[in-house]
Amino acid sequence: MAKVVAVTGNEACANALRQVNPDVCGIYPITPQTDMMQRFASYIADGKVDTEPILVESEHSSMSACIGAAAAGGRVITATSAQGLALMWEMLFIASGDRLPIVMPVVNRALSAPLNIHGDHSDAMGARDSGWIQLWSENGQEAYDNTIQAFRIAEHMDIRLPVMVCLDGFIISHSIERLEYLEDQQVKDFVGPFKNFLPLLDIAKPKSYGPLILTDMYHEYKRAQHEVMTKVQDVVLDVAKDFEKMSGRKYGIFEPYRLEDADIAIVILNSAAGTTKDVIDEFRDKGIKAGLLKPRLFRPFPYTEIADALKHTKAVCVMDRADSFGGYGPLFMEVSSALYQTDKRPAMINKIYGLGGRDYMPSHAAQVLTELNEIAKSGSVKTIKEYIGVRE
Amino acid sequence: MKAKGWRDLPPGSVVLEGGSAVKFKTGSWRAYRPIWKEENCIQCLFCWIYCPDMSVKVKDGKREEFDYDYCKGCGICALECPGKKGQKAIEMVEEGK
């Protein structure tokens, strides 16, 4: 029986990690993630898990410790945010290049400068090309469910890649919501025992991780790494199917909302999708065919599937809670790349919203949908990229 | 030997064979070559201790010739060599001369 609770996103993720009971955990605090690892540290102190904590002096060391522990042959976790993820950056590529199935909730937060602790997606978007699988979560329930599914995806014998589970800082990490927890035994059975693959501690078969590979082979190794990413989507869907059987909650590679017959659509990640769905309902009530697409799997990006889901629309706005200064928003770049390959495609605009935790209001969604409705009628786009909710 | 294609590689750039560094002969990196002068050698084995590789061969407690397959010519052995009566037992000579 599912247990219904009122908890924060951080609490939910910490509980998912407790239920999985990993072997090793790299721990370093950073707002807004701190509270998640603090709760997990309590589980360790109280003997609720068998996890070996490694308390480190920085996130660079935290990821390094995780890499060592995962190569040794353990089920390994850590969690971080913002500057912490930025400091891990070079180690992220080593975790993925060595094919180590580390699971890491990332509580999304803005990057300095200016210093800001609130939710936006600049941190995870900066790790976009690091070779990690990225799952994004609208609310606490999705963050909890994604964290559990992440272990099955990361540890799949055809994949063996690290996974980030993204949730919005404070908006989700610190807000209390109604959630359904699975039973401990259900989670244990779902993730199964950790299966080793080329562990360093198998001393009967000595091996080396991280050798120097130069012009003769590096290109081939990267090609092989790309190939693994092409297999991830099917595994994500298979794991989601099993998860649905257990929990009754359905997951895909993205969530379409009233999209099938939509003329206009918003593409948006994480918590802001919830607000947008409400406003889409209001527009539908007014007879405007509005819809939404919320990506769940951002890396690898499901280009073909997202293009298929959007190509029938007349106008699409991709909304980014991160900017690429001097470029379009990162999500816009992906969606427009996806749609370029279709014969018939919608007009597209890009809005940057909610940086540094700036509230995303229903009025912002309404403003965007109104503009999209005009573009759908006229077929002309005035400004491709614009900031919204910004004081002039 | 045909070079491996990307489909032939073990996942994660892991080298699955122990001690495989022996197959990678690094002696060609050398710009300076250590020359052992046995007549000045007091068999202190400092060169054997200090060599960052394993390029000083020792048999029955006595040093033998350098292993030029792996010696990169760093010169640490020559620097540390106490020699005999002020005469070094290891001298660095430019390769190709």
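Please refer to the structure higher up on the page.
To keep things clear, this report deals only with the structure shown in the data block. (Residues numbered from 1 in each chain as written. Chains lettered and ligands numbered in written order. Predicted model: local features only at pLDDT ≥ 70, side-chain atom pairs only at ≥ 80, totals over all residues.)

A look at the sheet that holds strand E11 (residues 290-295) of chain A
Residue and element names in this part refer to chain A.
(1) Moving on: Pairing in this open sheet of six strands is mixed, and the strands run E9-E11-E10-E13-E14-E15 from one edge to the other. With one partner strand each, in any of the chains shown, strand E9 (254-257) and strand E15 (385-387) form the two edges of the open sheet. Adjacent strand axes in the sheet meet at a mean angle of 20° when their direction is disregarded.
(2) Moving on: Relative to E11, strand E10 (residues 264-267) runs parallel, the two sharing four bridges. Each residue of the ladder has a partner; that of Ile 266, found in E11, is Leu 292. (Pairing = 2+ DSSP bridges. Helix = DSSP H or I, 4+ residues; strand = E, 2+ residues; numbered from the N terminus. Axes fitted to C-alpha atoms, helices over the stretch in contact; angles between N-to-C directions.)

Some words on the interface of chain B and chain A
(1) Moving on: On the side of chain A, 16 residues touch chain B, which itself brings twelve residues to the contact.
(2) Moving on: Classifying every residue of the side of chain B that touches chain A by side-chain character gives seven nonpolar, four polar and one charged. (Contact = placed C-beta atoms within 7 Å. Nonpolar A, V, L, I, M, F, W, Y, C, P; charged D, E, K, R; others polar.)

Observations concerning the nonpolar core
(1) Moving on: Within the largest apolar cluster, 122 residues are counted, with the highest numbers of intra-cluster contacts made by Val 163, Ala 265 and Val 267 of chain A.
(2) Moving on: When residues are assigned to domains, this core turns out to be shared by domain 1 (3-247) and domain 2 (255-387) of chain A, each giving three or more.
(3) Moving on: Setting aside residues up to four positions removed in sequence, Ala 265 of chain A forms contacts with Leu 259, Gly 291, Leu 292, Leu 293, Leu 310, Thr 313 and Val 316 of chain A.
(4) Moving on: With ten residues, the next largest nonpolar core counts Cys 71, Cys 77, Ala 78 and Cys 81 of chain B among its residues. (Core = buried A, V, L, I, M, F, W, Y, C linked by C-beta atoms within 7 Å. Buried ≥ 20, exposed ≤ 12 C-beta atoms within 10 Å, placed from the backbone. Domains from an automatic or database assignment.)

So, helix H10 (residues 303-310) of chain A
An α-helix turns once every 3.6 residues. As a result, residues three or four positions apart point the same way.
Residues and elements named next belong to chain A.
(1) Moving on: Every buried residue of H10 is listed here: Ile 306, Ala 309 and Leu 310. Along H10, the residues classed as buried sweep out an arc of 90° about the axis, all on the same side.
(2) Moving on: The inward-facing, buried residues of H10 abut E9, E10, E11, strand E13 (315-320) and helix H11 (330-340). (Arc of directions from axis to C-beta.)

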